[in-house]
Amino acid sequence: MNTTESGRDRRRIIRVAHSPDSDDAFMFYGLASGEIDTAELGFEHALQGIQELNERAMRGELEVTAVSIHAYAYLTDRYILLPHGASMGEGYGPRLVSRKPMDRDAIRSSTIAIPGELTSAYLALKLWEPAARTVVMPFDAILEAVRDGEVDVGLIIHEGQLTYAEDGLVLLEDLGRWWKEETGLPLPLGGNVIRRDLGADLIPRVSDYLRRSIAFSLDHREQAMDYAMGFARGLDRRTADDFVGMYVNQRTLDYGPDGREAVRLFLARGVEAGLVPGPVDVQFAD
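Worth saying up front: this structure is predicted, and the values here are computed from it rather than measured.

Asker: Mind showing me how you'd approach the nonpolar core here?
Answerer: Most often, soluble globular proteins have nonpolar side chains that are buried together. The biggest cluster of nonpolar side chains holds 52 residues, and the ones touching the most others in it are Leu 81, Ile 112 and Leu 125. Sort the elements by how many residues they give to this core and helix α7 (residues 120-128) lands first, with seven residues. In contact with Leu 81, other than residues within four places in its own chain, are Ile 69, Tyr 72, Asn 192, Val 193, Tyr 255, Val 263, Val 282, Gln 283, Phe 284 and Ala 285. Residues Tyr 29, Ile 194, Ile 214 and Ala 232 belong to the second largest nonpolar core, which totals 36 residues.

Below you can see the structure in the form of structure tokens.
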């Protein structure tokens, strides 16, 4: 074994988890491809659906993970938000769809498939309609369940926000648009968190590498999109690029003051509505 290999074997391994979607793949391309030299640290990537990531974060299993902003309310003792990696809906977001147009009363009396009770989509739905009746399904099974009549309404996240019409479905409400009209702020959907016990020396180093990965992808868009297409679930490149642009952009490099305020307000509204158990001390690893 040469010296370089031996040095790499001794590197501190940081597990980074994110969803197997084109936007997260794009975001983490710099790290996953080795384009970012991480020197003394090694990064192992774990890909799971957002509900599973939320649950693993609740158990403190991962050093760094994508989580729903809603789930972060339950994680503040173990994790702190990174100042980058956010998925924010700038006047758009999770969408309620069905096979036919429905008014608010009909939606209220319908069964709505959701991608998990810790997701930000669910919290936004309950803020929009507290009486909503829901059933949990894997996020990538919801469109089919609505199309086949298994449920009346589906709460769509990820790429399905752009493709629901291909399944003959109609839009009932865009919760990101509603939130923007309600507050004037973007809708905070997902963020990256880092475990507090990594300490004051390691947290900023890991944070720097992750931010550089996002910046690299934005600066080398075609290259990063080539990689992201492997996670696009059959989308054509133009649609996949549109979707990535919705959720990985300059806002992803930095929440900005209004983005941070949006996180605080979103969770505070959840507390006021009795959907989040207590005040949330929102902290960023600056």
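Asker: Looking at this structure, how should I read unusual backbone geometry?
Answerer: Trans is the prevailing form of peptide bonds, just as negative phi is the prevailing case for residues other than glycine. Residues other than glycine seldom take positive phi values, yet Ala 39 does so here, at roughly 50 degrees. Tracing the sequence through the fold places Ala 39 in the loop between α3 (29-32) and β2 (41-47). Its identity is not glycine, yet Arg 233 carries a phi of approximately 50 degrees, on the positive side. Position of Arg 233 relative to the elements: it lies in the loop between α12 (221-228) and α13 (237-247).

Asker: Is there a simple way to explain the sheet that holds strand β8 (residues 133-136) in this structure?
Answerer: Hydrogen bonding along the main chain pairs the strands of a sheet, whether they run parallel or antiparallel. Sheet architecture is open: five strands sit in the order β8-β7-β9-β6-β10, paired in mixed fashion. At either end of the open sheet lies a strand with only one pairing partner, and these are β8 and β10 (170-174). Geometrically, the sheet is characterised by an average inter-axis angle of 30 degrees between neighbouring strands, direction not taken into account. By the bridge criterion, four bridges tie strand β6 (residues 95-98) to strand β9 (residues 153-156) in an arrangement that is antiparallel. Bridge pairing links Leu 96 to Leu 155 in β9. Each of β9 and β10 is contacted by helix α10 (residues 175-183), which is oriented at about 30 degrees to β10, the strand it contacts most.

Cut-offs used in this document
Residues numbered from 1 in each chain as written. Predicted model: local features only at pLDDT ≥ 70, side-chain atom pairs only at ≥ 80, totals over all residues. Heavy atoms only, no water. Core = buried A, V, L, I, M, F, W, Y, C linked by side-chain atoms within 4.5 Å. Buried < 20%, exposed > 50% of the residue type's maximum accessible area, 1.4 Å probe, protein only. Helix = DSSP H or I, 4+ residues; strand = E, 2+ residues; numbered from the N terminus. Contact = heavy atoms within 4.5 Å. Pairing = 2+ DSSP bridges. Axes fitted to C-alpha atoms, helices over the stretch in contact; angles between N-to-C directions.

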